[in-house]
Amino acid sequence: MRRVQTAVLISGNGSNLQAIIDAAQASDYPAEIALVLSNKAQAYGLTRAENAGITTIVIPHGNYATREAFDQMMDAALRNHDIELVVMAGFMRILSDRFVNGWAGRLINIHPSLLPKYKGLDTHARAIASGDAEHGATVHWVTPELDSGEIILQGSTPILANDTPESLKARVHLLEHQLYPAALKHVAAAILAQ
Ligand code: GRF
């Protein structure tokens, strides 16, 4: 079976990356994680990728004078590895419009909120402060406007009376580990069917 050649972009721990690597072990999973790219050399996700025998690349963003120059290096690395689909999993850089447009329909992200609520940072604290009954995570297409692309999959969890931003974050993270492999499976299957 042909599998969609997929890259995962990370900056840190990579627990979502791990969930995706684990799911992609299944023989009928439509995506192969062919490359993990990090803008930080110390990202633990790189160790996770190496443990799974996946090629890793580090492109330190500080080495580039502009966002566009950094993005161009990433773009070249992805294309050199024949990547068809790019998955952002805790990648803490804003991408230039040029990069995003170059990967239109081939670039997805996970955001820890029930979008369109709470775009940007500190979503868990903001949901609690607003008195929301529930919070969650969203997998969405990436478009130039931050956290605003079309929703692919969303999951929610109740906000409990004694929740802190940390306890809520931990629960949403577990949800993310279910959602992201499922969303990637759906997107990759659709690409294979094109
Ligand atoms: C997740 O909460 C994700 O929603 C956000 O960054 C975090 C990454 O966590 N975009 P991890 O590195 O996958 O553990």
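Scroll up to find the structure.
As the structure is a computational prediction, the values presented were derived from the model and not from experiment.

Trainee: Explanation requested: the overall build of the chain in the structure shown.
Mentor: Counting secondary structure elements, the chain contains six helices and seven strands. Helices and strands in the chain line up, N terminus first, as β-α-β-α-β-α-β-α-β-α-β-β-α. In summary, the chain has a C-alpha radius of gyration of 16 Å against a globular reference of 16 Å for 194 residues, a match within 12%. The principal-axis extent of the C-alpha atoms belonging to the chain is close to 50 × 40 × 30 Å. Per-residue burial over the chain gives 46% buried out of 194 residues. When contacts within the chain are restricted to residue pairs at least 6 apart in sequence, long-range pairs at least 24 apart make up 64% of them. Of the accessible surface of the chain, which amounts to about 9400 Å², a share of 52% is contributed by carbon and sulfur atoms. Here the chain contributes 15 positive and 19 negative side-chain charges, whose respective centroids are spaced 1 Å apart.

Trainee: Would you explain the nonpolar core in this entry?
Mentor: Most often, soluble globular proteins have nonpolar side chains that are buried together. Membership of the largest hydrophobic core comes to 36 residues, with the highest contact counts inside it found for V8, I10, I33, V36, V139, Y180 and L184. Going through the elements one at a time, β1 (4-10), α1 (15-23), β2 (31-38), α2 (44-51), β4 (85-88), β5 (107-111), β6 (134-141) and α6 (165-192) are the ones with two or more residues in this core. Each residue touching Y180, except ones within four places of it in the same chain, is listed here: N16, I20, V87, M88, A89, I108, N109, I110 and V139. Of all hydrophobic cores here, the second largest spans 21 residues; its members include L37, L78, I83 and V86.

Trainee: Just checking my understanding: could you explain α2 for this structure?
Mentor: Residues spaced three or four apart along an α-helix point in a common direction, a consequence of the helix completing one turn every 3.6 residues. The complete set of buried residues in α2 reads G45, L46, R48 and A49. Looking straight down α2, one finds that the buried residues subtend no more than 160 degrees of arc, so they occupy a single side. Looking one or two residues beyond α2, the residue adopting positive phi is G53, at roughly 75 degrees.

Trainee: Teacher, can you tell me more about the pattern of salt bridges here?
Mentor: Working definition: two side chains of opposite charge can pair if their charged atoms are close together. Under the criterion given, the structure shown has four salt bridges. The closest approach of N and O atoms between R79 and D75, which form a salt bridge, is 3.1 Å. With R79 and D75 both in helix α3 (residues 67-80) and four residues apart, the pair spans about one turn of that helix. A residue is classified by how much of its surface remains accessible, and R79, at 42% relative accessible area, is partly exposed.

Trainee: Is there a simple way to explain the pairing of strand β3 (residues 55-58) in this structure?
Mentor: Side chains on a regular strand alternate between the two faces of the sheet. The pairing of β2 with β3 spans four bridges and is parallel. What sits directly across from L37, in β3, is I57. Regarding topology, α2 serves as the crossover connection from β2 to the parallel β3, and that connection is right-handed.

Trainee: Explain the packing of aromatic side chains here, please?
Mentor: Think of a pair of aromatic rings as described by two things: how far the centres are apart, and how the planes are tilted against each other in angle. Across all of its chains, the model carries two aromatic pairs by this definition. Ring centres of Y64 and F70 lie 6.1 Å apart, and the angle between their planes is 55 degrees; on these two criteria the pair is classed as tilted. You can call F70 buried: its relative accessible area is 1%. Its guanidinium or amino end placed over the ring of W103, R79 lies 4.3 Å from that ring's centre, counting from NZ or CZ. Its end group placed over the ring of F70, R93 keeps NZ or CZ at 5.8 Å from the ring centre.

Trainee: How should I be thinking about the sheet that holds strand β7 (residues 151-158) in this particular structure?
Mentor: Strand pairs in the sheet, formed through backbone hydrogen bonds, run parallel or antiparallel to each other. An order of β3-β2-β1-β4-β5-β6-β7 is seen for the seven strands of this open sheet, with the pairing classed as mixed. For this open sheet the edge positions go to β3 and β7, each flanked by a neighbour on one side alone. Direction aside, neighbouring strands of the sheet carry axes that sit 20 degrees apart on average. Note that β5 and β6 share four bridges and pair antiparallel. Among the inter-strand pairings, I110 is bridged to a residue of β6, identified as V139. Contacts between α6 and the sheet are confined to β1, β2, β4, β5, β6 and β7, with β7 contributing the most and set at about 160 degrees to the helix.

How each quantity is defined
- Residues numbered from 1 in each chain as written.
- Predicted model: local features only at pLDDT ≥ 70, side-chain atom pairs only at ≥ 80, totals over all residues.
- Heavy atoms only, no water.
- Helix = DSSP H or I, 4+ residues; strand = E, 2+ residues; numbered from the N terminus.
- Rg over C-alpha atoms; globule rule 2.2 N^0.38 Å.
- Buried < 20%, exposed > 50% of the residue type's maximum accessible area, 1.4 Å probe, protein only.
- Contact = heavy atoms within 4.5 Å.
- Areas by Shrake-Rupley, 256 points an atom, 1.4 Å probe, with all protein chains shown as cover.
- Lys, Arg positive; Asp, Glu negative; His and termini not counted.
- Charge placed at Lys NZ, Arg CZ, Asp CG, Glu CD.
- Core = buried A, V, L, I, M, F, W, Y, C linked by side-chain atoms within 4.5 Å.
- Arc of directions from axis to C-beta.
- Salt bridge = Lys/Arg side-chain N within 4 Å of Asp/Glu carboxyl O.
- Pairing = 2+ DSSP bridges.
- Right-handed = clockwise from strand over helix to strand, strands pointing away.
- Phe/Tyr/Trp six-rings, centres within 6.5 Å; stacked < 30°, edge-to-face > 60°.
- Lys NZ or Arg CZ within 6 Å of the ring centre and 35° of its normal.
- Axes fitted to C-alpha atoms, helices over the stretch in contact; angles between N-to-C directions.

Read these as layout, nothing more, since geometry by itself doesn't imply function.
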